[in-house]
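# Working through the structure, step by step
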Amino acid sequence: GEISCALEEQLSFALRPAFKNYYELVTVSALDREERAQHTVVVTAADAGSPPLSSSHTFSVDISDVNDNAPVFNQTSYTMYVHENNAAALLVGAVKATDADAGPNGKVSYSVVPARAAEEEPCSCVSVQSESGGVFVLRPLDYEQLRQLEVVVSAADAGSPALSSSVSVRLLVVDENDNAPLVLHPGAQDGSPPSSELVPAGAAAGDLVSKVVAVDADSGQNSWLSYQLLRATEPGLFAVGAQSGEVRLRRPPSERDAAKQKLVVLVRDNGRPPLSATAALSVLLVPGSGDAPLPRQSPAAGDDDGSLTTSLIIALVFVSLLFLLSAAAFVACKVCKRKELSGGPVLYGPSSVQSYVADGAAAGTLPHAYCYEVSLTTGSGNSEFKFLKPVLPSLPAQHCSAGEGGDRAEEFPPVPMIMGDADFETPEMRSVGQLNGF
């Protein structure tokens, strides 16, 4: 009458005796619904007779779900592309996350969260659809201003408590050919006319005349620039490098070429469709020798420099003439002063002394040996008497008085002449002394 029960499967369940002929079905290991949601258990009951008799019963055990799994994305990161100047609310891709749980525990919803904790709100130009995970760009983007952006998308289930996971989504902006080339040289950014390039008459073929410099804000092939000569006064005189933009002479300039040459260079990018711009150049063919390079300047600047040089030359000539006139006037004043000094009264000239001695010899007497010179000081009544040396020291001294010729002459000893601090003896006096020797 004893009955025993056994399980055909003893991996996860077991029978545990409770009391006489009663058994409990218990688990012997952890169960995971995500691995196996339903188990089938077969219980066999047998007696102790000989031969034993038995019967079996099959049980179905369903494992209920708990929210023990967070959503999992099917990629560790996402990279999406969007062309610039896109339409608003453009779908550029989608994210996908799955949850192994069942029911509400496995229902996933998506949202955009800040990429960093310091940010207060996520990027306003990207949105994700909460149920499908579609990523939308809400406004047009400009490649020249924003080339890429990164957002974080979160997937959360509806369990309690809810579990979530996040993934990084990088959005790359694809460049479109929406910018035409910008010419930097030659070009007047301030509105002034461009300067003229000067080419000497002796220039040879292949000489560099100018260089066109341009940039394109686009990238890749859209920014590859090519140059070509669009128009020219003499098309056969100039050549433009297709890749460098250098303007060179194809042949030496001749007298038949116009002195002023106008060139138009076309600059075009490699986009689809291509965009282009033009650059205008002015070239002046300078006659004469071209050994030395001439400075590049506009005709207006050359005229200004010429007038300034002329003004400087005139001012220099005027200053030089004024200096020469001043020097001549100074020299003339000096000469006039010397003539006035030399043309003054002379007390004893050669002619007067000789005639004076001759008259005395004829009369048998000589004039008085001593004469006096009166010097009056300017602005005062004082007089100074200066004694001169005897004119004829070998002759007897006579009176100098002309009124009394027959009176007895007074004899005076010869005394030296005193004139200030030094003796003064004129050449005329020396000549009269020589006569006394005879």
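Residues numbered from 1 in each chain as written. Predicted model: local features only at pLDDT ≥ 70, side-chain atom pairs only at ≥ 80, totals over all residues. Heavy atoms only, no water.

The name recorded for the protein in an unreviewed UniProt entry is Cadherin domain-containing protein, from Bambusicola thoracicus.

## What to know about the pattern of salt bridges
Put simply, the rule reads: By salt bridge we mean one thing: a side-chain nitrogen of Lys or Arg within 4 Å of a carboxyl oxygen of Asp or Glu. Numbering of helices and strands starts at the N terminus; helices are DSSP runs of H or I of at least 4 residues and strands are runs of E of at least 2. For each residue, the accessible area found with a 1.4 Å probe, counting protein chains only, is set against the maximum for its type, and the residue is called buried under 20%, exposed over 50%, and partly exposed in between.
Using the criterion set out here, one finds five salt bridges in the structure. Notably, a salt bridge pairs E24 with R16, separated by 2.6 Å at the nearest N-O pair. Between R33 and D65 there is a salt bridge whose closest N-O contact spans 3.0 Å. Here R33 is found in the loop between β3 (22–27) and β4 (38–47), whereas its partner D65 is found in the loop between β5 (54–62) and β6 (72–73), with 32 residues between them in sequence. Residue R33 is classed as buried on the basis of its relative accessible area, which comes to 18%. One connected set of salt bridges, linked through shared partners, spans R33, E34 and D65.

## Some thoughts on the packing of aromatic side chains
What counts here: Centres within 6.5 Å make a pair out of two Phe, Tyr or Trp rings, where for Trp the six-membered ring is used; the pair is then stacked when the planes are under 30 degrees apart, edge-to-face when over 60, and tilted otherwise.
Enumeration according to the criterion identifies three aromatic pairs in this entry. On the numbers, 6.4 Å between centres and 75° between planes, the contact of F73 with Y78 is edge-to-face. As far as the burial class goes, F73 and Y78 line up, both buried. Between the aromatic rings of F73 and Y110, the centroid separation amounts to 6.4 Å while the plane-to-plane angle is 50°, which identifies the pairing as tilted. With a gap of 37 residues between them, F73 in strand β6 and Y110 in strand β10 (residues 108–113) connect regions that are remote in the sequence.

## Observations regarding the state of the cysteines
To keep things clear, this is the line we draw: By definition, disulfides here are pairs of cysteine sulfur atoms that lie within 2.5 Å.
Counted by the stated rule, this structure contains zero disulfides. There is no disulfide at C333, and the cysteine sulfur nearest it, in C336, is 6.6 Å away. A relative accessible area of 46% means that C333 is categorised as partly exposed.

## Observations concerning the pairing of strand β14 (residues 164–174)
Stated formally: If DSSP finds at least two bridges between two strands, the strands pair.
As paired elements, strand β7 (residues 77–83) and β14 share seven bridges and run parallel to each other. Bridged to S77 within β14 is S168. Sheet analysis places strand β13 (residues 148–157) next to β14, joined by nine bridges and oriented antiparallel. Within β14, the position partnered with A156 by the bridge is S164. Hairpin connection from β13 to β14: six residues lie between these consecutive antiparallel strands.

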